[in-house]
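# A look at the structure
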Amino acid sequence: MSTYTKKQVSDLVKGTLDWDTVHLMLSMPKDEGRYKLYMEVLQENVSYDDKILLAVGPHLNIVESSKDQEIIIKCDCGHEFGHYSKNWKLNALIYVRDNVEKMKEVYPELMAPDTNWQVYREYYCPSCGIMHDVEAPTPWYPVMHDIQPDLKTFFEWVGMPAPAKI
């Protein structure tokens, strides 16, 4: 089992950790304190006091609200997307690339998908404007709900008490 320093985990979050160490982190058995260390690093990178429970993606976290202990999804900037069991994308700004002109912004001429068959949906934070996700569905497909973690089981797995409102 390998162990890593707080600096290495911080560099991983920033995207500046060397590839060899990243590869080892991915392929070796996880050390017991890694989750706690990862949460500490994420918590240091935000200005809010809500406790980060799990990262949903870069700059998007499941947190325990410090005011009412509700479990919500929150951007690093502090914008709240609602309860963690609901689809956060429905509370995001959505930009849909659904025509040739919009697709030309990301693809060279004649290389884009046919927007009668596929569109791009980009999901942005309404407060800071960071892009949190992109989907490439058929035009009629509903907004995808990517993640709904079983937090109670997750906290059992990492050997820590789950927040009360899970």
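Quick note: structure is the one above.
In what follows, the accompanying structure is described. (Residues numbered from 1 in each chain as written. Predicted model: local features only at pLDDT ≥ 70, side-chain atom pairs only at ≥ 80, totals over all residues. Heavy atoms only, no water.)

## Quick word on the side chain of D76
Rules: Numbering of helices and strands runs from the N terminus, with a helix taken as a DSSP run of H or I at least four residues long and a strand as a DSSP run of E at least two residues long. When a residue's accessible area, from a 1.4 Å probe over protein chains only, is under 20% of the maximum for its type it is buried; when over 50% it is exposed; and in between it is partly exposed. Charged-residue counts in this description rest on Lys and Arg as positive and Asp and Glu as negative, His and the chain ends being excluded. Salt bridges, as used here, are contacts in which a Lys or Arg side-chain nitrogen is within 4 Å of a carboxyl oxygen on Asp or Glu. Distance and chemistry together define a polar contact, namely a pair of N or O atoms within 3.5 Å, with one atom able to donate a hydrogen and the other to accept it when in protein, and with adjacent residues in sequence counting only for side-chain atoms on both sides.
Inspection of the secondary structure puts D76 in the loop between β3 (71-75) and β4 (80-83). Of the side chains bearing the opposite charge, K74 lies closest to the buried D76, which forms no salt bridge; the N-O distance is 9.9 Å. Side chain to side chain, D76 and N61 meet in a polar contact 2.9 Å long.

## Digging into the sheet that holds β3
The cut-off we apply is this: In short, DSSP must find at least two bridges between two strands for them to pair. In this description, a line fitted to the C-alpha atoms serves as the axis of each element, helices being fitted only across the stretch in contact, and the angle between N-to-C directions of two axes falls anywhere from 0 to 180 degrees. A contact between two residues is defined here by any heavy atoms of the two lying within 4.5 Å.
On the basis of which strands lie adjacent, the open sheet formed by 4 strands has the order β1-β2-β3-β4 and antiparallel pairing. Two strands in the sheet have a free side with no partner beyond their single neighbour: β1 (51-57) and β4. Averaged over all pairs of adjacent strands, the angle between strand axes in this sheet comes to 25°, irrespective of strand direction. Inspection of the sheet shows strand β2 (residues 60-64) paired to β3 by 5 bridges, in the antiparallel sense. Paired with N61 across the bridge in β3 is K74. In the packing of helix α3 (residues 34-44) onto the sheet, contacts are made with β1 and β2, and the angle to β1 comes to roughly 90°.

## As for the nonpolar core
Stated formally: Buried residues of nine kinds, namely Ala, Val, Leu, Ile, Met, Phe, Trp, Tyr and Cys, make up a nonpolar core once their side-chain atoms join them within 4.5 Å.
Counting residues in each nonpolar core, the largest one holds 24 residues, and the members touching the most others are I52, I62, I73, F81, W88 and L151. By residue number, the principal contributor to this core is β3, which donates 4 residues. Residue contacts for I52: discarding those within four places in its chain leaves M39, L42, Q43, V46, N61, I62 and V63. Counting residues in each nonpolar core, the second largest holds 7 residues, with Y4, V9, V22 and M25 among its members.

## Some details on the sheet that holds strand β6 (residues 120-124)
Read from one edge to the other, the open sheet built from 3 strands follows the order β5-β6-β7, with strand pairing classed as antiparallel. Looking at strand neighbours, the two that pair on one side only are β5 (93-97) and β7 (131-135), the edges of this open sheet. On average, adjacent strands in this sheet sit at an angle of 20° to one another, irrespective of strand direction.

## Regarding the packing of helix α1 (residues 6-14) against α3
Applied cut-off: An angle below 35 degrees is read as roughly parallel, one above 145 as roughly antiparallel, one from 65 to 115 as roughly perpendicular, and any other as oblique. Should the near helix be turned anticlockwise from the far one by less than a right angle, the crossing is left-handed, and should it be turned clockwise, the crossing is right-handed. Amino acids outside the nonpolar list (Ala, Val, Leu, Ile, Met, Phe, Trp, Tyr, Cys, Pro) and the charged list (Asp, Glu, Lys, Arg) are all regarded as polar, and Gly is one of them.
Where α1 contacts α3, the two axes come as close as 9 Å, and the packing angle between them is 60°. Put simply, α1 runs oblique to α3. Viewed along their axes, α1 and α3 form a crossing whose handedness is right-handed. The segment α1 lies against α3, with K6, V9, S10 and V13 engaging L37, Y38, E40, V41, L42 and E44. Here the residues of the contact of α1 with α3 are counted per class, giving 6 nonpolar, 1 polar and 3 charged.

## Focus: the packing of aromatic side chains
The cut-off we apply is this: Each aromatic pair joins two rings of Phe, Tyr and Trp (for Trp, the six-membered one) with centres within 6.5 Å, and gets the label stacked for planes under 30 degrees apart, edge-to-face for over 60, and tilted for any other angle. Consider the ring centre and the ring normal. A charge sits over the ring if Lys NZ or Arg CZ is within 6 Å of that centre and within 35 degrees of that normal.
Counted by the stated rule, this structure contains 8 aromatic pairs. Judged by centre distance (6.3 Å) and plane angle (90°), the rings of Y35 and F155 are edge-to-face. Of this pair, Y35 sits in helix α3 while F155 is found in helix α5 (residues 151-157), placing the two residues 120 residues apart along the sequence. Accessibility assignment for this pair places Y35 and F155 in one class, buried. Consider the rings of F154 and W157, whose centres lie 6.0 Å apart with planes at 45°: the pair is tilted. Of this pair, F154 and W157 are both found in helix α5, 3 residues apart, which corresponds to roughly one turn of the helix. One aromatic cluster is present, formed by Y35, F154, F155 and W157 through successive ring pairs. Directly above the ring of Y48 sits K74, whose terminal nitrogen or CZ lies 4.3 Å from the centroid. One cation-aromatic arrangement involves K89 over Y123; the distance from NZ or CZ to the ring centre is 5.1 Å.

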